[in-house]
Amino acid sequence: MDQLDKQLINLLQKGLPVCEQPFAQVAMELGSTENIVLARLQLMLDSGLLTRFGPMFDAACWGGDFTLAAMEVPEERFEEVNQIVNSFEQIAHNYQRTHRLNMWFVIGTETAEEIFEVIENIQQKTGLTVFNMPKEHEFFVGLYLPV
Amino acid sequence: MSSKKISPLERQYIVLTQQGLPLCAKPYHWLAEQLDISVEQTLAMTNDLKARGIIRRVAAVPNHYKLGYKFNGMTTWDVNDDQAMEFGEKVGQLPFVSHCYLRPRHLPQWNFNLFAMVHGRSESEIAQYQQQIKQLLSDVLQSHQGPTNDVLTSTRILKKTGLRLRVNSK
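Along chain B, the regular secondary structure elements total five helices and six strands. For chain B, the N- to C-terminal ordering of α and β elements is α-α-α-β-β-α-β-β-α-β-β. Here chain B has a C-alpha radius of gyration of 20 Å; the compact-globule value for 170 residues is 15 Å, and the former is much larger. Per-residue burial over chain B gives 45% buried out of 170 residues. Of the contacts made within chain B by residues no fewer than 6 positions apart, 64% connect residues no fewer than 24 positions apart.

Attention now moves to the overall build of chain A. Within chain A, the regular secondary structure consists of five helices and six strands. Listing each helix as α and each strand as β along chain A from the N terminus yields α-α-α-β-β-α-β-β-α-β-β. Here the C-alpha atoms of chain A give a radius of gyration of 21 Å, more than 25% beyond the 15 Å that 2.2 N^0.38 yields for 147 residues. Summarising its shape, the C-alpha atoms of chain A cover approximately 60 × 30 × 25 Å along the three principal directions.

Counted under the stated rule, the structure contains 13 salt bridges over all chains. The closest approach of N and O atoms between Arg156(B) and Glu79(A), which form a salt bridge, is 2.7 Å. Residue Arg156(B) is found in strand β6 (residues 154–160), and its partner Glu79(A) is found in helix α4 (residues 78–86); the two belong to separate chains. Look at Arg156(B) and you get partly exposed, because its relative accessible area is 33%. A relative accessible area of 45% means that Glu79(A) is categorised as partly exposed. One salt bridge connects Arg105(B) with Asp78(B), and the closest N-O pair in it is separated by 3.1 Å. Of the two residues, Arg105(B) is situated in the loop between β3 (97–102) and β4 (114–120) and Asp78(B) in the loop between β2 (71–77) and α4 (84–92); the sequence distance between them amounts to 27 residues. Of the two residues, Arg105(B) and Asp78(B), both sit in the buried class.

Moving on to the domain arrangement of chain A. As far as domains go, chain A holds domain 1 (3–46) and domain 2 (59–133). Distance from the C-alpha centre of domain 1 of chain A to the C-alpha centre of domain 2 of chain A: 39 Å.

This paragraph deals with the packing of aromatic side chains. Counted according to the given criterion, the structure contains seven aromatic pairs over all chains. Ring centres of Phe23(A) and Phe53(A) lie 5.2 Å apart, and the angle between their planes is 80°; this geometry places the pair in the edge-to-face category. Here the residue Phe23(A) occupies a position in helix α2 (residues 22–30), and Phe53(A) occupies one in strand β1 (residues 50–57), the gap between them amounting to 30 residues. For Phe53(A), a relative accessible area of 5% gives the class buried. Ring geometry for Trp110(B) against Phe115(B): centres 5.8 Å apart, planes inclined by 40°, an arrangement best described as tilted. Grouping aromatic residues by their ring pairs yields a cluster made of Trp104(A), Trp110(B), Phe112(B) and Phe115(B).

Geometry of a packed helix pair, given as the angle between the helix axes and the separation of the axes. Residue and element names in this part refer to chain A. The geometry of helix α1 (residues 3–14) relative to helix α3 (residues 34–46) is characterised by a closest axis approach of 11 Å and an angle of 80° between their N-to-C directions. As judged from the angle between their axes, α1 and α3 are roughly perpendicular. Across the interface between the two elements, Leu4, Asp5, Leu8, Ile9 and Leu12 of α1 pack against Ile36, Val37, Arg40, Leu41 and Met44 of α3.

Turning our attention to the domain arrangement of chain B. When the parts of a complex come together, some accessible area is lost, and that lost area is often used as the size of the interface. Parsing chain B into structural domains produces domain 1 (8–51) and domain 2 (71–152). Centre-to-centre, using C-alpha coordinates, domain 1 of chain B lies 37 Å away from domain 2 of chain B.

Soluble, globular proteins show a tendency: their nonpolar side chains are buried together. Among the nonpolar cores identified, the biggest contains 36 residues, and Phe23(A), Leu41(A), Tyr13(B) and Tyr28(B) are the most heavily contacted of them. If you look at the next biggest cluster of nonpolar residues, it comprises 20 residues, including Ala84(B), Phe96(B), Cys100(B) and Ile133(B).

About the cut-offs
Residues numbered from 1 in each chain as written. Chains lettered and ligands numbered in written order. Predicted model: local features only at pLDDT ≥ 70, side-chain atom pairs only at ≥ 80, totals over all residues. Heavy atoms only, no water. Helix = DSSP H or I, 4+ residues; strand = E, 2+ residues; numbered from the N terminus. Rg over C-alpha atoms; globule rule 2.2 N^0.38 Å. Buried < 20%, exposed > 50% of the residue type's maximum accessible area, 1.4 Å probe, protein only. Contact = heavy atoms within 4.5 Å. Salt bridge = Lys/Arg side-chain N within 4 Å of Asp/Glu carboxyl O. Domains from an automatic or database assignment. Phe/Tyr/Trp six-rings, centres within 6.5 Å; stacked < 30°, edge-to-face > 60°. Axes fitted to C-alpha atoms, helices over the stretch in contact; angles between N-to-C directions. Parallel < 35°, antiparallel > 145°, perpendicular 65-115°, else oblique. Core = buried A, V, L, I, M, F, W, Y, C linked by side-chain atoms within 4.5 Å.

See the structure below:
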C-alpha cells in the first residue's frame with residue numbers, strides 16, 4: 001500500500017461524491033487521474049482489501065424491523081442452542097461474547113410483530129429467556145478506519 | 001423505526017445496489033440503464049435517498065481485518081437516564097466508535113443502557129478506548145446493581161448473513 005492507496009481508503013470510507021464521474025472528482029482532489037484511481041481500486045477489490053463500494057443503507061428502509069437480542073446459554077448447551085437460534089432465517093448475525101449473556105444476535109423481520117414471534121419461538125424451543133434490546137436511540141453509525 | 005417508506009422504484013434501486021455498484025468511470029450510467037430512467041433522475045434519486053437517511057453515504061467498505069483492525073469490543077455503560085441522550089451524543093462522536101446506541105436495561109441481568117462499538121489494532125488499543133469513554137462518562141456513570149461498565153468481545157462468529165432485501169418479496 002503506497003500513499004495513494006492509503007489516501008483512497010481513507011477518503012472513500014467517508015464517502016464518494018454523488019455525480020456522473022465520482023472517481024474523476026476523487027482523482028482531482030488527490031492530484032491523480034481517473035484511470036489510475038480506478039485501477040488502484042480494482043486491485044484493492046481483487047485483493048480483498050476493499051469488500052465493495054456503493055450505497056450504505058439504513059436497515060430501517062428494508063421496511064421491516066430489527067433488534068439486538070441476547071441470551072445466557074449454559075456452556076454445555078451452547079452448540080444445541082446455537083443451532084436452534086441460527087435455524088431461524090430472521091437471524092442476520094450471531095456472536096458468542098464474553099459475558100454471562102454469552103449469545104448476541106440481530107433479528108431482522110419484515111414486520112414488527114414478527115420480532116416477537118421469533119423471540120417467543122426461540123424461548124419455547126430452548127426454554128431460555130431472550131433479552132430483547134431494540135435501539136431506543138441511534139447516536140452514530142459509521143465505521144472509519146484510517147490507514 | 002420502520003417509518004422510512006420506499007417506492008417500488010426505490011426498492012429496485014436497493015436490490016440492484018445492496019451488493020455494491022460496478023467499479024467503472026460512470027457507475028450511475030449503469031444504474032440508470034438498469035432502472036430504465038435517466039442519469040439525472042438516478043443522481044436525483046440518490047441525493048433524495050441520502051437526504052431521507054435511507055442511504056447513509058456512498059462509500060467504499062474496507063475489510064477491516066486486512067487493514068489491521070483485528071480487535072473490536074462492544075463497550076456497555078450504565079448511564080444516568082436523565083443524561084443518557086446528551087452523553088450518548090458525545091460518545092458517538094469519538095472517532096474510534098462505529099456504532100452507538102441507547103438500549104433498554106433488563107434488571108437484574110443487564111444494567112447497561114449505552115452501547116458503543118470500538119475497533120482497534122490491538123487489545124491494548126481497545127482497553128485504551130474504553131478508558132477514554134470512561135473518562136468522558138465519569139460524572140454520569142451509575143451502578144444499578146452490577147458494575148458501571150463492561151466490554152464484551154466476540155469470541156466466535158456464529159452466523160453472519162446480514163440484512164438483505166429479498167428480490168421477490170412484496
